[in-house]
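A closer look at the structure
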Amino acid sequence: MNISITKTLTPKEKPDENGLGFGQIFTDHMFLMDWSADEGWKDARIVPFGPIPLHPSSTVLHYGAEVFEGMKAYRIADGSIQLFRPYDNAQRLNDSAERLCMPEVPTEMFVEAVKALVKLDEEWVPHAEGTSLYIRPFLFGNDEVLGVHTVHHAVFAIICSPSGSYYPEGINPVRIMIEDEDVRAVRGGTGYTKCGGNYAASTRAAERAGQKGYTQVLWLDGVERKYIEEVGAMNVMFKIAGEVVTPELSGSILPGVTRRSCVELLRSEGYKVSERKLSVDELLKAMEDGTLEEAWGTGTAAVVSPIGELCYKDKKYTVNNFEIGPVTQHLYDELTAIQWGKTEDRFGWIEKL
Ligand SMILES: *Cc1c(COP(=O)(O)O)cnc(C)c1O
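Note that the structure is a prediction, hence the values are computed from the model and not measured.

**Quick notes on the nonpolar core**
One recurring pattern in soluble globular proteins: nonpolar side chains tend to sit buried together. Phe31, Phe110, Val118, Ile135 and Phe156 are the most contacted members of the largest nonpolar core, which totals 36 residues. Among the secondary structure elements, those contributing two or more residues to this core are β2 (29-36), β3 (40-48), β5 (71-75), β6 (81-84), α2 (86-99), α3 (107-120), β7 (132-141) and β8 (153-163). Broken down by element, the residue count for this core peaks at six residues, all from α3. Those residues within four positions of Ile135 in sequence are excluded, and the remaining contacts are Glu69, Gly70, Met71, Lys72, Ala73, Leu83, Val114, Val118, Ile158, Ile159 and Cys160. Judged by nonpolar contacts, the second largest core, of 25 residues, contains Leu218, Phe238, Ile307 and Leu310.

Here it is in structure tokens:
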């Protein structure tokens, strides 16, 4: 792929690496590429970071034609930079795009574009322990007409944001509320895609949970409100009587790269890991009889996030004395060691820049 590069004439000051937070600061450049049904992908370019002009009737503004990815670039001890399973993100973007009738970005092209942008902005990949460059590829429909039809024009874009350590003060368990009113997704819908619309529809429950002091909601299935699905922007895992259980990918759950990595890692070490249906009743029973040993969320941003309290219909349950459990800690240590190049990449998950 031929990527034209227009460098900024006004590079920005690099931020203080100790207060980066998440998603507030952006690098000097962004990647853009246009698609039309007639011509396919064209005009791959890296340009100075800035506004993207949109026609007021652009499809994304009216009909929510948008899918995205979330991944990171890590600076390792020797100063070089690496990505974690980028082809998995590329494939998932295409799975999402297919569902929304948007064009697929060939996976090689996706990874090449990510690498080219990160390379140009490599000074923005922070050095401090636990920090990384968050990468946000996204794809949106850009037809300049109001008629509802499949997308004929689209834009693939990538922006990057240096991000702070998710756990600057050590890993703290979170409180999670099991949502029994709103639903996030149903089978046959868009639950397995990373589309903006899923987030728009889940904000209300997250807001309500936040007002009650909970970090995120745990979604139940949209039909019976009986089976555990996932947490706001994370997949979820439980250790019940020695068995690690995570909901199966039924079509309404986002297939997380971190989820897959945890499952593969634990299985390689001989843990019993089941991807299966888990009802809220089974979970409540395990909390009541003490067989629930650990609960945690998994996602790119936090890697793992231990769950210290679950609330269901106003009844509160403490998990593992509100402490991080050994399997949760082990997953965090192993995955971050691979991501930051502190241990051998025995699964072949690392892609050097
Ligand atoms: C992105 C996301 C996840 C986590 O996926 P990772 O690939 O592990 O970052 C889980 N659930 C939802 C709804 C998501 O959008």
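**Let's talk about the packing of aromatic side chains**
Tallying each qualifying case throughout the model produces eleven aromatic pairs. Both rings, one in Trp41 and one in Phe156, keep their centres 6.4 Å apart while their planes meet at 70 degrees; by these two values the pair is edge-to-face. Of the two residues, Trp41 sits in strand β3 while Phe156 sits in strand β8, which places them 115 residues apart along the sequence. Residue Phe156 is classed as buried on the basis of its relative accessible area, which comes to 0%. Each residue in the set Phe31, Trp35, Trp41, Phe110 and Phe156 is aromatic and connected to the rest through ring pairs, giving one cluster. Over the face of the ring belonging to Tyr227 we find Lys277, whose NZ or CZ atom lies 5.4 Å from the ring centre.

**As for the domain arrangement of the protein chain**
A common way to state how big an interface is: give the accessible area lost once the parts meet. If you check the domain split of the protein chain, you get domain 1 (4-163) and domain 2 (174-339). Taking the mean C-alpha position of each, domain 1 and domain 2 sit 27 Å from one another. Facing 20 residues of domain 1, the contacting portion of domain 2 comprises 21 residues. Carbon and sulfur atoms supply 55% of the area buried between domain 1 and domain 2, which totals about 1,700 Å² over both sides. Three residues stand out in domain 1 for area buried against domain 2, namely Phe84, Arg92 and Arg99, and they jointly supply 34% of the buried area on that side. Here domain 1 is connected to domain 2 by two salt bridges. Of the charged contacts in the structure, one is a salt bridge between Asp88 and Arg260, with a shortest N-O distance of 2.5 Å. Here domain 1 and domain 2 share 14 residue pairs in polar contact (both at pLDDT 80 or more) between them. Residue assignment for the side of domain 1 that touches domain 2 shows that the elements contributing at least two residues are β4 (66-68), β5, β6 and α2. Broken down by element, the residue count for the side of domain 1 that touches domain 2 peaks at seven residues, all from α2.

Conventions used here
Residues numbered from 1 in each chain as written. Predicted model: local features only at pLDDT ≥ 70, side-chain atom pairs only at ≥ 80, totals over all residues. Heavy atoms only, no water. Core = buried A, V, L, I, M, F, W, Y, C linked by side-chain atoms within 4.5 Å. Buried < 20%, exposed > 50% of the residue type's maximum accessible area, 1.4 Å probe, protein only. Helix = DSSP H or I, 4+ residues; strand = E, 2+ residues; numbered from the N terminus. Contact = heavy atoms within 4.5 Å. Phe/Tyr/Trp six-rings, centres within 6.5 Å; stacked < 30°, edge-to-face > 60°. Lys NZ or Arg CZ within 6 Å of the ring centre and 35° of its normal. Domains from an automatic or database assignment. Buried area = accessible area lost by both parts, 1.4 Å probe. Salt bridge = Lys/Arg side-chain N within 4 Å of Asp/Glu carboxyl O. Polar contact = N/O pair within 3.5 Å; in protein donor to acceptor, adjacent residues only side chain to side chain.

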